[in-house]
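Structural features, examined
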Amino acid sequence: MSFLAVEGLTKTYPGVVANDNVDLEVEQGEIHALLGENGAGKSTLVKAIYGLVHPDAGRMTINGKPYAPTRPVDARDAHIAMVFQHFSLFEALSVVENIALGIPPERAGRFGGRTLAERIRRVSEEYGLPIDPHRMVGTLSAGERQRVEIIRCLLQVPRLLIMDEPTSVLTPQEAESLFGTLRKLARDGVAILYISHKLEEIRALCDHATILRGGKVVAHCDPREKSARELAELMIGTELAQPPVRKPGAAEVLMKVDRLSLPASDPFGIALDDISFDLHAGEILGIGGIAGNGQEELLAAISGERPVEREMVMLGRRAIGHYPPTRRRKLGICSAPEERLGHAAAPDMTLTENALLSGMVREKLANGGFINWSASRYFARAVVESFDVRTPGIEVPARSLSGGNLQKFVIGREVLQRPVILAVNQPTWGVDAAAAAAIRTALVNLAAEGAGVLVISQDLDELMEISHRFAVLAGGRLSPPRPTETYTIDEIGLMMGGKTREDADVAS
Amino acid sequence: MDLSALDPVALIASLIVAATPLVLAGIGELVVEKSGVLNLGVEGMMIVGAIAGFAAAVGTGNPFLGLVTAAAAGMLLALVFGLLTQFLLANQVATGLALTMVGLGLAALIGQPYAGIKPPGSPRLDIPHVSDLPVVGPLLFSHDAMVYVALALVIATWLFLGRSRAGLVLRAVGENHDAAHSLGYPVVRIRLYAIAFGGACAGLGGAYLSLIRVPQWTEGMTAGAGWIALALVVFASWKPWRVLFGALLFGGITTLQLNTQALNINPAIPAGALLLAAGLIWLVASLSASRAAGSPLVMLLTGAVVLAFGLIYPRMQIGSAWLSMAPYLVTILVLVLISSDRTRAALSAPHSLGRLFHPSS
């Protein structure tokens, strides 16, 4: 008999059916994949299991007994633990304090005491999750934070462990060590519900898969018997459009970043350290790395959000390091930061206003301090039409668009300004496959027309696919860019962990 | 120049009395802010506590009942703030400011018939023999009860926040309310407890002014003490002991300023001496914790310069407006110096401070 059984679970939000009659069975000791695109209903389903979401219909049983959690505490009492995609950790507290908060008081003992720290050490050794219990969480890397979450779960002796996209923040090596931990847990009889949209890792790790699309279960299968392409088609439903890659044309250097250093702006931020690279006309330079290694800071230095020394950024022969964003835009340096709502776009302003905010200078949407609204609307409509942004109109607030559509709008708005240089961070993060393909194609075409494109991303597959040259950002330092085809995945993984190419050569 | 009138023991005793309302209000606000709520209504809660406590003490003839009433009144007003910000999700800054205005107006209204009345006296600690000891007796063992209550509150808050599980949960709520919620902690309820505690403390601080320090009722008698308490919390980097230190410093300069006006000496003399003393305490604290001693040295040096200036021109007088300004200026200056290490200050600020929380996501 299965450990957890879900039957006919349905959850409706206004305008969306997040889960539609979903069935799921998870056995003890199996690693069960929950596969689906963003918005397919994976998160709603696991939140219902964890007691964070209350389903409208359907029932759940644990070992045959009815199970209807109303709070996460109920789930914990049923020995269900969850590692969230966005860690629910407290940065200003230590590892021990964080863990003490996550487990019931009678298990925690005195949180400052030696006992809990000792137990943390024991579990971390047993499952290969090295961590110092007394470090402050704000100083830990994403991989280490995930270990904290996992240890917190393990201390509660779970029988079902839910992992929500655990590898999205890990290096390939860290992911491999996580898989080792998960396999060991499964051997010990723990059921694992593993959410991901990375097909290869699911095929390598999981025994069963339940595939969701649009809130419905479309298949139960054994992922090891399916090819990645079959799984992808089950997940997405249509064939994928591949962006065409073209060889770079002229080798003229458009922008030169020279020994760029920038102190961290907040205590948990990261300082950029001696970064140098050239950006050529017609090329896409891909920058990989794990989140929080200086990506945002690098984009801010390129876009002008954080001014640096004059000579650190050269556009042609002009030193522009100290220029603010507007002056850089005038010269043709456009950018789109990672956070769509609140950084790339003002959530409560309309698409027209958002188009105006970024396009004002290059599209001449303002004249003598007065806004030219008709030109702004024309520009916004052009972005919506040429990038297939699904929206009821251009006078709706940016926050009402779905992630993928807003991302297409944000990228399209910059591309249509015919930039000389375009810098983007995480252009396809949290975007469905069709929109991601459209965005990549737009970037490739922009480069083909002679612009220099800088793509910062954590999606290695994406960077391998579209970039001509590639470099890794780790701990605020950038490796020297090289043609993409000269890399191996192992080497990139080691570099993402902060090792130089020489170290990587030695290791391999 | 008659320095003999500057009796150091009496000075320190009155310094402690001047500091106590700030300690009370400040420690309450510290707990509130540690839970992630910014209540700018301290001044309003203090003055309502002042008049409520005064009225109750006069009505019953019992100062203890007056203090209890003051705490209850402050708590009640704070819970109005809690209702508005935690359930109706009103903006905390605007609500806090409104609370101050409501409190000031309400207190003036209730206080009309109480102007000029003398409240019943509060007993002082009097341990036979011990309280009569020279120097030590008046310094440590003969204050009114609230001084010891305030000190006990500082210690209790320090232990609660740093050593107890409940305190850890409260800090967690202030640090990241979404994460605390997803772990199953009742964010809103915890914040309401904190808000109520902060209100009670502010009410007590106000009643200390009207019943013990002054003691009588005058309209607007808190005179910005609530705002100073708020500033103390921020510049004390949300650490209980530093709130106590800041309050004593402020109380010290207030006392000195009053005394120097009476004594016709250059206020730079006592001010410099106080800066020297505070700098010395800080330097010792820094060195014993093996931290950089730059800022305390700056303070010591400033104190020495000011003192030297005072000794060279012992008869120089400064306008009384400048003198009245001095406590505010010096306290803020000193605490800014202390919290000048930006990284550490940013670490100690509760990350969710002032942000609205709704348990929907």
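Placed above this text is the structure.
Residues numbered from 1 in each chain as written. Chains lettered and ligands numbered in written order. Predicted model: local features only at pLDDT ≥ 70, side-chain atom pairs only at ≥ 80, totals over all residues. Heavy atoms only, no water.

With respect to the overall build of chain B
Along its length, chain B carries 15 helices and zero strands. Relative to the globule expectation of 21 Å for 361 residues, the C-alpha radius of gyration of chain B, 21 Å, shows essentially globular dimensions. In terms of overall dimensions, chain B has a C-alpha envelope of 70 × 55 × 45 Å along the principal axes. Per-residue burial over chain B gives 52% buried out of 361 residues. The contacts of chain B with a sequence gap of at least 6 include a subset with a gap of at least 24, amounting to 79%. (Helix = DSSP H or I, 4+ residues; strand = E, 2+ residues; numbered from the N terminus. Rg over C-alpha atoms; globule rule 2.2 N^0.38 Å. Buried < 20%, exposed > 50% of the residue type's maximum accessible area, 1.4 Å probe, protein only. Contact = heavy atoms within 4.5 Å.)

A word on the sheet that holds strand β1 (residues 4–13) of chain A
Residue and element names in this part refer to chain A. Read from one edge to the other, the open sheet built from four strands follows the order β2-β1-β4-β5, with strand pairing classed as antiparallel. Two strands in the sheet have a free side with no partner beyond their single neighbour: β2 (16–26) and β5 (65–67). Neighbour to neighbour, the strand axes of the sheet diverge by 30° on average, direction disregarded. Relative to β5, strand β4 (residues 57–62) runs antiparallel, the two being bridged by three bridges. For Ile62, the partnering residue across the bridge sits in β5 and is Lys65. Running at roughly 120° to β1, helix α1 (residues 42–49) makes contact with β1, β2, β4 and β5 of the sheet. (Pairing = 2+ DSSP bridges. Axes fitted to C-alpha atoms, helices over the stretch in contact; angles between N-to-C directions.)

Section: the sheet that holds strand β10 (residues 216–221) of chain A
The strands that make up a sheet are held in pairs by hydrogen bonds between backbone atoms, and each pair lies either parallel or antiparallel. All names here are of chain A. With respect to topology, six strands assemble into an open sheet ordered β6-β7-β8-β3-β9-β10, the strand pairing being mixed. Edge positions in the sheet fall to β6 (80–83) and β10, since each has one partner strand and no second. Here the average twist between neighbouring strands, direction ignored, is 20°. Two strands pair when backbone bridges link them, and β6 and strand β7 (residues 160–164) are joined in this way by four bridges, in the parallel orientation. Across the sheet, the residue bridging to Met82 is Ile162, located in β7. Of the strands in this sheet, β3 (31–35), β6, β7, β8 (191–196) and β9 (208–213) touch α1, which is tilted by about 150° from β8.

Topic: the side chain of His32 of chain A
All names here are of chain A. As for its placement among the helices and strands, His32 is situated in strand β3. Residue classification places His32 among the buried residues on the basis of a relative accessible area of 4%. From its side chain, His32 meets the backbone oxygen of Glu25 in a polar contact 3.3 Å long. Residues contacting His32, with those up to four places away along its chain left out, are Leu24, Glu25, Val26, Ile192, Leu193, Tyr194, His208, Ala209 and Thr210. (Polar contact = N/O pair within 3.5 Å; in protein donor to acceptor, adjacent residues only side chain to side chain.)

Points about the interface of chain A and chain B
With 24 residues of chain A at the contact, the number on the chain B side is 20 residues. Between chain A and chain B lies a buried interface of about 1,800 Å² when both sides are counted; carbon and sulfur atoms form 67% of it. Taken together, chain A and chain B are joined by one salt bridge. Between Arg171 of chain B and Glu97 of chain A there is a salt bridge whose closest N-O contact spans 3.1 Å. Summed over the shared surface of chain A and chain B, the number is six residue pairs in polar contact (both at pLDDT 80 or more). Of all the elements in the fold, those that place two or more residues in the side of chain A that touches chain B are α2 (72–77), α3 (95–102) and α4 (105–108) of chain A. The element contributing the most residues to the side of chain A that touches chain B is α3 of chain A, with four residues. (Buried area = accessible area lost by both parts, 1.4 Å probe. Salt bridge = Lys/Arg side-chain N within 4 Å of Asp/Glu carboxyl O.)

Details of unusual backbone geometry
A positive phi angle, near 45°, is found at Val157 of chain A, a position not held by glycine. In this structure, Val157 of chain A sits in the loop between α6 (142–154) and β7. Overall, Val157 of chain A belongs to the exposed group, its relative accessible area being 52%. Despite not being glycine, Leu89 of chain B shows a phi value in the positive range, around 55°. Topologically, Leu89 of chain B is positioned in the loop between α3 (63–87) and α4 (92–111).

A closer look at the pattern of salt bridges
Residues and elements named next belong to chain A. If you walk through the whole model with that rule in mind, you get 23 salt bridges over all chains. For Arg224, the salt bridge goes to Asp222, with nearest N and O atoms at 3.3 Å. The closest approach of N and O atoms between Arg477 and Asp273, which form a salt bridge, is 2.7 Å. In this pair, Arg477 is assigned in strand β22 (residues 477–478) and Asp273 in strand β12 (residues 272–280), connecting sequence segments 204 residues apart. Connected through shared salt-bridge partners, Asp207, Asp222 and Arg224 make up one network.

Description of the environment of Met349 of chain A
All names here are of chain A. Its location among the elements puts Met349 in the loop between β16 (333–336) and α12 (351–359). With a relative accessible area of 31%, Met349 lands in the partly exposed category. Residues Met349 and Ala398, spaced 49 residues apart in sequence, show a C-alpha to C-alpha distance of 6.1 Å. Look past the residues within four positions of Met349 in its chain and what remains in contact with it is Asn354, Leu357, Val396, Pro397 and Ala398.

A look at the environment of Thr352 of chain A
All names here are of chain A. Counting through the fold element by element, Thr352 comes out in helix α12. Overall, the relative accessible area of 0% leaves Thr352 in the buried class. Residues Thr352 and Pro105, 247 residues apart in the sequence, show an inter-C-alpha distance of 52 Å. Every residue in contact with Thr352, bar those within four places of it in the chain, is listed here: Trp373, Ser376, Arg377, Ala380, Ile394 and Glu395.

Focus: the nonpolar core
Counting 78 residues, the largest nonpolar core has Leu101, Leu161, Met163, Leu182, Ile192 and Tyr194 of chain A as the members making the most contacts within it. Formed by 57 residues, the second largest nonpolar core is a distinct cluster that contains Ala57, Cys201, Ile228 and Phe250 of chain B. (Core = buried A, V, L, I, M, F, W, Y, C linked by side-chain atoms within 4.5 Å.)

Describing the pairing of β10 of chain A
Judged from the five bridges that link them, β9 of chain A and β10 of chain A form a sheet pairing that is antiparallel. Along β10 of chain A, the bridge assignment pairs Arg213 of chain A with Lys216 of chain A.

Some thoughts on a nonpolar patch on the surface
All names here are of chain B. On the surface, a nonpolar cluster with roughly 800 Å² of combined accessible area is contributed by Phe309, Ile312, Tyr313, Met316, Ile318, Trp322, Met325 and Leu329. Here the nonpolar patch gets three residues from one element, more than from any other, and that element is helix α14 (residues 320–338). Among the secondary structure elements, Met316 is positioned in the loop between α13 (294–312) and α14. By relative accessible area, which is 34% here, Met316 ends up partly exposed. (Patch = residues over 30% accessible without salt bridge, like charges linked within 9 Å, V, L, I, M, F, W, Y side chains within 5 Å. Areas by Shrake-Rupley, 256 points an atom, 1.4 Å probe, with all protein chains shown as cover.)

Notes on the packing of aromatic side chains
This model, assessed by the stated rule, comprises five aromatic pairs over all chains. Their ring planes at 85° and their centres at 5.0 Å tell us that Phe470 of chain A and Tyr487 of chain A sit as a pair that is edge-to-face. Residue Phe470 of chain A is located in strand β21 (residues 469–474), and its partner Tyr487 of chain A is located in the loop between β23 (482–483) and α17 (489–496); the two are separated by 17 residues in the primary sequence. Take Phe470 of chain A: its relative accessible area is 0%, and that puts it in the buried class. Their ring planes at 65° and their centres at 5.8 Å tell us that Trp158 of chain B and Trp241 of chain B sit as a pair that is edge-to-face. With a gap of 83 residues between them, Trp158 of chain B in helix α6 (residues 145–163) and Trp241 of chain B in helix α11 (residues 240–263) connect regions that are remote in the sequence. Owing to a relative accessible area of 38%, Trp241 of chain B belongs among the partly exposed residues under this scheme. Over the face of the ring belonging to Tyr323 of chain A we find Arg327 of chain A, whose NZ or CZ atom lies 3.8 Å from the ring centre. The ring of Tyr487 of chain A carries Arg482 of chain A above its face, with NZ or CZ at 4.1 Å from the centroid. (Phe/Tyr/Trp six-rings, centres within 6.5 Å; stacked < 30°, edge-to-face > 60°. Lys NZ or Arg CZ within 6 Å of the ring centre and 35° of its normal.)

Some points on helix α10 (residues 225–235) of chain B
With eight of eleven residues buried, α10 of chain B lies mostly within the body of the structure. Phi turns positive, to about 50°, at Ser237 of chain B, one or two residues after α10 of chain B.

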